[in-house]
Amino acid sequence: MKIVRTAEALREARKELKGSIGFVPTMGALHEGHLSLIRRAREENAHLIVSIFVNPTQFLEGEDLESYPRREEADSKICQLAGTDILFMPSVDQMYEADELCIGAPARRGYILEGEKRPGHFDGMLQIVMKLLNLSGATRAYFGKKDAQQLVLITQMARSYFLPCDIVPCDIVRDEKGLALSSRNAYLTDTEKERALALSRSLKRASKKVMAGELNVEAIVAEMASVLEAAVDHTEYIAIVDRDFRKLERVEIGNTIVLVAAWVGKTRLIDNIWI
Ligand code: AMP
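In this text the structure is predicted, and so the values were computed from the model without any measurement.

Caption draft 1: Inspection of helix H3 (residues 72-81) at higher detail. Here H3 has its buried residues at Asp75, Ser76 and Cys79. Seen from one end, H3 has its buried residues packed into an arc of 100°, which puts them on one side. Exposed side of H3, more than 90 degrees from the buried face: Glu73, Lys77 and Leu81 are the residues found there. Turning to H3, the residues buried within the fold contact strand E1 (2-4), strand E3 (47-52) and strand E4 (86-88). Immediately beyond the C-terminal end of H3, within one or two residues, lies glycine 83, with a positive phi of roughly 85°.

Caption draft 2: Expanded view of helix H7 (residues 148-160). Look at H7: 18 Å from first C-alpha to last across 13 residues, which is about the 18 Å you get at 1.5 Å a residue. With 10 of 13 residues buried, H7 is to be regarded as a mostly interior element. Those residues of H7 that sit buried are Ala148, Gln149, Gln150, Leu151, Val152, Leu153, Ile154, Gln156, Met157 and Ala158. In this structure, the buried side of H7 is in contact with helix H5 (114-117), helix H6 (121-136), strand E5 (140-144), strand E6 (166-170), strand E8 (256-264) and strand E9 (267-274). Looking one or two places after H7, you find phenylalanine 162, whose phi comes out positive at around 50°.

Caption draft 3: Focus on the site of the ligand. By nearness alone, 17 residues border the ligand, and Met27, His34, Asp147, Val173 and Leu181 come closest of all. One of the backbone nitrogen or oxygen atoms of valine 173 is found 2.9 Å away from a nitrogen atom of the ligand. The protein chains hide 92% of the 480 Å² of surface that the ligand would expose on its own. Of all elements in the fold, only strand E2 (21-26), helix H2 (32-44) and E5 reach the threshold of two or more residues within the shell around the ligand. Ranked by the residues each element gives to the shell around the ligand, the list is headed by H2, at 3 residues. Of the residues contributing to the shell around the ligand, the split by class is 8 nonpolar, 6 polar and 3 charged.

Reading guide: rules and limits
- Residues numbered from 1 in each chain as written.
- Predicted model: local features only at pLDDT ≥ 70, side-chain atom pairs only at ≥ 80, totals over all residues.
- Heavy atoms only, no water.
- Buried < 20%, exposed > 50% of the residue type's maximum accessible area, 1.4 Å probe, protein only.
- Helix = DSSP H or I, 4+ residues; strand = E, 2+ residues; numbered from the N terminus.
- Arc of directions from axis to C-beta.
- Contact = heavy atoms within 4.5 Å.
- Expected span 1.5 Å × (residues − 1).
- Near = heavy atom within 4 Å.
- Polar contact = N/O pair within 3.5 Å; in protein donor to acceptor, adjacent residues only side chain to side chain.
- Areas by Shrake-Rupley, 256 points an atom, 1.4 Å probe, with all protein chains shown as cover.
- Nonpolar A, V, L, I, M, F, W, Y, C, P; charged D, E, K, R; others polar.

Take a look at the structure:
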């Protein structure tokens, strides 16, 4: 495995790769969720590139940019064992220049839910993903449904900018109790971890209700709210939208995403389920 830290070195290293390139961009502190993307990219492509970059432009003022877990050594080992050809770990200076040309998130999809609570987050995210996709020369890039709105926006960017890269959606990986894996789970104490299970529990409740024939969004949201309120400190949103992130009044089976965002202690968590 080659570790490269500059854009130039990545371009050079990638030139030597013949055949398809699978690419998995991450912010590190790798867990089984990341690994599921990495394994799939490894299987489906001749070569595998992984990037680790805690992207400052997608963090808002007052968010956890400074405290975000950084585990370069352990992450490198994991990538190596998973069969990575090139691990890209650039500095901020490598990725950004002064007076940047910016890509903006779309006015509706980019500024509701996560985009409303974290205004500007998706602009920064799309900006870095565009750079990374171009630099990696990926044939296929792998993203988790865990960040559902992010996945939909990246798919839109690839489509509207005619990027020569397939965006591959990957299922959410959970721990044995149902908690969606996230690098931010490292912030949780044991008791907070227990309380955080309310997110996935509320989603399971929603899917159970749908399976029992309840399609009314208001009724499902009310039930989810009661599950969440009993355990979390603050529910930021519960939303039931179609795959294009338009609000639904009735669940459309095969075209629905149920999403939650909630605070447990000082940690903000998100989770969702595709129905
Ligand atoms: P991050 O390092 O949090 O930016 O995540 C990098 C990629 O891993 C993104 O495409 C995430 O959606 C994906 N990812 C993170 N957690 C999970 C999970 N629990 N299951 C599946 N994919 C995940």
